[in-house]
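Each chain, written out:
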Amino acid sequence: MLSQVKEGEFNPYYGTYISKAEHSDIVEGLQNSKKEFVDFVNSIPTEKLTYAYAERKWTINEVLQHLIDTERIFAYRALRFARNDQTPILGFEQDDYVPNSNANAYSKEEMITDFEAVRSSSITLFKSFTDEMMLRIGEASGSPMSTRAVGYILAGHQKHHFNVIQERYL
């Protein structure tokens, strides 16, 4: 989907995630990846949820919580950009969130329920944006970012971490 989003709409760091988004329509992509999340998490053996493939690496539950936390933060960014709020948004340190998330205490069902709630909210939010709102650009972490780039980042970020889980954890 990198071709859908133009240079200057995102920090090049996010290009990897945007390129993994599988749908040109953001809402459709978010809806489809919501189902993919549920199916994927349900396929993971329960005993693997608190497994980390190496010392100082996140467990699967921590990766899943990272996806949920990141979606909350990025949906907020999309809202700010769509509403034409030009106040720069500071970044967040993902590595500070994980040890404070208590993710390993959550069951598979709790993770799914939390994700479904967050993703449903994101879908509703993106449905509310006009074409003009989708093209608006704000600043996050010192770089420009468009509302639509956020949507592609969310879908691609999920795909990226699912690939990591499949390659290194399962």
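Computed from a prediction, not measured in an experiment: that's the story for all the values here.

(A) Spatial organisation of the packing of helix α3 (residues 60–82) against helix α5 (residues 108–127). Where α3 meets α5, the axes come as close as 10 Å, and the angle between the chain directions of the two elements is 20°. Considered as vectors, α3 and α5 are oriented roughly parallel to each other. Remark: the crossing between α3 and α5 carries left-handed chirality. Contacts between α3 and α5 involve N61, L64, Q65, I68, E71, R72, A75, A78 and L79 on the former and, on the latter, M111, D114, F115, V118, R119, S122, L125 and F126. The residue inventory of the contact of α3 with α5, partitioned by class, reads 10 nonpolar, 3 polar and 4 charged.

(B) Representation of the environment of A75 in the model. Here A75 shows up in helix α3. The sequence separation of A75 and S43 amounts to 32 residues, and the corresponding C-alpha distance is 27 Å. Non-local contacts of A75, meaning those with residues more than four positions away in its chain, are made with S122 and L125.

(C) Geometry of the pattern of salt bridges. Inspection of the entire model under this criterion finds 7 salt bridges. In this structure, the salt-bridge partner of E9 is R148, at a minimum N-O distance of 2.7 Å. In this pair, E9 sits in the segment before α1 (15–20) while R148 sits in helix α7 (residues 147–168), placing the two residues 139 residues apart along the sequence. The shortest N-O distance in the salt bridge between D114 and R72 comes to 2.7 Å. Residue D114 is located in helix α5, and its partner R72 is located in helix α3; the two are separated by 42 residues in the primary sequence. Relative accessible area serves as the criterion here: at 41%, R72 is assigned to the partly exposed category.

(D) Structural context of the packing of α5 against α7. Remark: α5 packs on α7, axes separated minimally by 11 Å, with the N-to-C direction vectors making an angle of 150°. Classified by the angle between their axes, α5 and α7 sit roughly antiparallel to one another. Classified by chirality, the crossing of α7 by α5 is left-handed. Facing F115, R119 and F126 of α5, the residues of α7 in contact are T147, V150, G151, L154 and Q158.

(E) Spatial organisation of the nonpolar core. The biggest cluster of nonpolar side chains holds 30 residues, and the ones touching the most others in it are Y14, I18, F74, F126, F129, M145 and V150. Only α1, α2 (26–43), α3, α5, α6 (131–135) and α7 provide two or more residues apiece to this core. Dropping the residues within four chain positions of it, F129 is found in contact with A78, L79, A82, R83, M134 and T147. Core analysis: the next-biggest nonpolar cluster, separate from the first, contains 22 residues, L49, I112, F162 and I165 among them.

(F) Just the environment of Y51, in detail. Summarising the element assignment, Y51 is placed in the loop between α2 and α3. For Y51 and E62, which are 11 residues apart along the polypeptide, the C-alpha to C-alpha distance reads 9.5 Å. Setting aside chain neighbours within four positions, we find Y51 in contact with W58, T59, I60, R168 and Y169.

(G) Representation of the side chain of R119 in the model. Relative to the helices and strands, R119 is located in helix α5. Reaching out from R119, the side chain makes a polar contact with the side chain of S33 at a distance of 2.5 Å. At a separation of 3.1 Å, a polar atom in the side chain of R119 contacts the side chain of Q158. Excluding anything up to four places from it in sequence, R119 contacts L30, S33, K34, E71, L154 and Q158.

(H) Representation of the side chain of R77 within the structure. Its place among the elements puts R77 in helix α3. Dropping the residues within four chain positions of it, R77 is found in contact with Y14, I89, L90, G91, F92, A140, S141 and M145.

Scoring rules and cut-offs
- Residues numbered from 1 in each chain as written.
- Predicted model: local features only at pLDDT ≥ 70, side-chain atom pairs only at ≥ 80, totals over all residues.
- Heavy atoms only, no water.
- Axes fitted to C-alpha atoms, helices over the stretch in contact; angles between N-to-C directions.
- Helix = DSSP H or I, 4+ residues; strand = E, 2+ residues; numbered from the N terminus.
- Parallel < 35°, antiparallel > 145°, perpendicular 65-115°, else oblique.
- Left-handed = near helix turned anticlockwise from the far one by under 90°.
- Contact = heavy atoms within 4.5 Å.
- Nonpolar A, V, L, I, M, F, W, Y, C, P; charged D, E, K, R; others polar.
- Salt bridge = Lys/Arg side-chain N within 4 Å of Asp/Glu carboxyl O.
- Buried < 20%, exposed > 50% of the residue type's maximum accessible area, 1.4 Å probe, protein only.
- Core = buried A, V, L, I, M, F, W, Y, C linked by side-chain atoms within 4.5 Å.
- Polar contact = N/O pair within 3.5 Å; in protein donor to acceptor, adjacent residues only side chain to side chain.

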